[in-house]
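Observations on the model geometry
Each chain, written out:
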Amino acid sequence: MMKDEIFIAAVGQVPVQENWTTSLRELAALAIRSLKQDCQLGHPDSLFLANMFAPNLSNQAHLAALTAEYLGWSGIEAVTVEAGGASGGAALRQAVLALRSGMVNSAVVLGVEKFSDKIGADIDVALATTLDADFESMHGLTPSAQAALIAQLYFHKYHIPSNALAGFAINAHKNGAGNPFAMYKKAISEDTYLKAEMINPPLNLFDIAPNADGAAALFLVRGDHPALRNTDFKIKVSASTLSTDTLALHDRREPLDWRAVRLSVQKALEQANLSLAEIDLYELHDQFSIYLPIILESAGIINPGEGWKLGADQWTGLNGRIPLNTMGGLKARGFAGGASGVYQAVEAINQLRGMAGKNQLDHPHHALIQALGGPGATAATHILSLE
């Protein structure tokens, strides 16, 4: 085993839900407690903390230092990483870079978010900060309204049926029913989807992931770290990439071709020396159901205008050709802001370890996870492999 290879030695997570009486730092500590149950953990060299909205919703900046002190790790290197909805993926990327540099031998990636510190319009205001302030949010645009505009364009350009996105929501809730950490654990039928309240046409209630509190953690080490001697599962970070595009959607030449998604996937496959055909499962960013067909098309998995067809169970279900969001994704697990990308890694690793319970796939070896900031303004892609 090469010492320059990077492995994820342990994972931890807490249920995604509304935690009205639990503070942001306490939520983080619960994820670390779960991490310690998976692996003996002393003081890591570094802490990379992913968070989107603590200054807006919890009135707390400088969160990494606060959390390190609360965990009893005062003195270690600790920084907060913010990249919109891609914050968790970006924090994982920073940890990988630190470990590959040789200046760090171990690192914790911790994603934590607490929406329930505020209610109502305050949450909408916070969410809007992920858009271009001068040209989008100042004029009243919100992320869900933006996603609806993208969906309207997609439906219009490709002349697809009104129920084209149903399969993705149905698949998410079916998988969420087998995830004990998901916010929603009940499957839905197509009839239930079609009868749901319209929120931002053509997106209905089941096309939008619920905002929720959550925290998840990863323990990363170099290949020569002692922590790897006591584990039955060696999960290697085979690839780590991050690409960006314009923040404002109107600045893109083609709003339905997400360049950052394409570039980050291509780079990841090159790093891992793998093809798309060798990927056994995908954990992708479904904050809005319209994102999924565009991600699948931009990544080169299917031709433009045909991504919606992959929502069918025979394609992306647990027994499908390209299993997608096997534990429910953001849609059923819940959108835990900056922690979302870390949850993706935890869920993919549990699949690779054979510890996904009712949702376990048949002997997966390679998982591709991708966290997005907005509609592909930032795309953080990782490939995790079972050694």
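As shown above, the structure is provided for reference.
Presented here is an overview of the structure given in this document. (Residues numbered from 1 in each chain as written. Predicted model: local features only at pLDDT ≥ 70, side-chain atom pairs only at ≥ 80, totals over all residues. Heavy atoms only, no water.)

**Some points on the environment of Gly-84**
Within the secondary structure, Gly-84 is located in the loop between β3 (77-81) and α4 (87-101). Not counting the four nearest positions on each side in its chain, Gly-84 is found in contact with Met-52 and Gly-373. (Helix = DSSP H or I, 4+ residues; strand = E, 2+ residues; numbered from the N terminus. Contact = heavy atoms within 4.5 Å.)

**Some words on unusual backbone geometry**
In the segment running from Pro-201 into Pro-202, the intervening peptide bond is cis, with an omega of 10 degrees. Of note, Pro-202 is situated in the loop between β5 (198-200) and β6 (203-204). Positive phi, close to 55 degrees, is recorded for His-159, a residue that is not glycine. Among the secondary structure elements, His-159 is positioned in the loop between α6 (143-158) and α7 (166-176).

**Some thoughts on the environment of Leu-274**
Its place among the elements puts Leu-274 in the loop between α9 (259-272) and β9 (281-283). Judged by relative accessible area, Leu-274 falls into the buried class, the value being 15%. Among residues more than four places away in sequence, those in contact with Leu-274 are Leu-269, Ile-279, His-366 and Ile-383. (Buried < 20%, exposed > 50% of the residue type's maximum accessible area, 1.4 Å probe, protein only.)

**Observations concerning helix α10 (residues 291-298)**
In terms of residue burial, α10 counts as a mostly covered element, since eight of its eight residues are buried. Burial in α10 covers these residues: Tyr-291, Leu-292, Pro-293, Ile-294, Ile-295, Leu-296, Glu-297 and Ser-298. Looking one or two places after α10, you find Gly-300, whose phi comes out positive at around 90 degrees.

**Structural notes on the sheet that holds strand β1 (residues 6-13)**
Strands sit in the order β3-β2-β4-β7-β1-β8-β11-β10-β9 across an open sheet of nine strands; the sheet is mixed. The open sheet has two edge strands with one neighbour each: β3 and β9. The sheet shows a mean angle of 25 degrees between the axes of neighbouring strands, taken without regard to direction. Packed on one face of the sheet, helix α3 (residues 63-70) meets β2 (46-50), β3 and β4 (106-113) and runs near 135 degrees to β3. Of the strands in this sheet, β1, β2, β3, β4, β7 (214-222), β8 (235-244), β10 (366-373) and β11 (378-386) touch α4, which is tilted by about 15 degrees from β7. (Pairing = 2+ DSSP bridges. Axes fitted to C-alpha atoms, helices over the stretch in contact; angles between N-to-C directions.)

**A few points about empty space enclosed by the protein**
The tally for this structure, following the rule as stated, stands at two cavities of 30 Å³ or more. If you go around the largest cavity, you meet 17 residues; those closest to its centre are Thr-130, Leu-131, Pro-143, Gln-287 and Gly-374. Residues that form the lining of the largest cavity fall into these classes: eleven nonpolar, five polar and one charged. Here the second largest cavity is characterised by a volume of approximately 40 Å³. Contributing to the lining of the second largest cavity are Val-261, Val-265, Tyr-282, Leu-284, Ile-295, Ala-299, Ile-301, Leu-368 and Gln-370. For the lining of the second largest cavity, the secondary-structure elements that each account for two or more residues are α9 and β10. A class-by-class count of the residues in the lining of the second largest cavity yields eight nonpolar, one polar and no charged. (1 Å grid on protein atoms, 1.4 Å probe; cavity = no way out; pocket = protein on both sides within 12 Å on 5 of 7 lines; lining within 4 Å. Points joined across faces, edges and corners; volume = space filled by probe spheres on them. Nonpolar A, V, L, I, M, F, W, Y, C, P; charged D, E, K, R; others polar.)

**Observations concerning the nonpolar core**
Among the nonpolar cores identified, the biggest contains 71 residues, and Trp-73, Val-108, Leu-110, Leu-218, Phe-219, Leu-220 and Leu-384 are the most heavily contacted of them. Apart from residues lying up to four places away in sequence, Leu-110 is in contact with Ala-28, Ala-31, Ile-32, Leu-47, Phe-48, Leu-49, Ala-50, Thr-67, Ala-216 and Ala-217. Grouped together as the second largest cluster of nonpolar side chains are 48 residues, Phe-206, Ala-268, Ile-290 and Leu-324 included. (Core = buried A, V, L, I, M, F, W, Y, C linked by side-chain atoms within 4.5 Å.)

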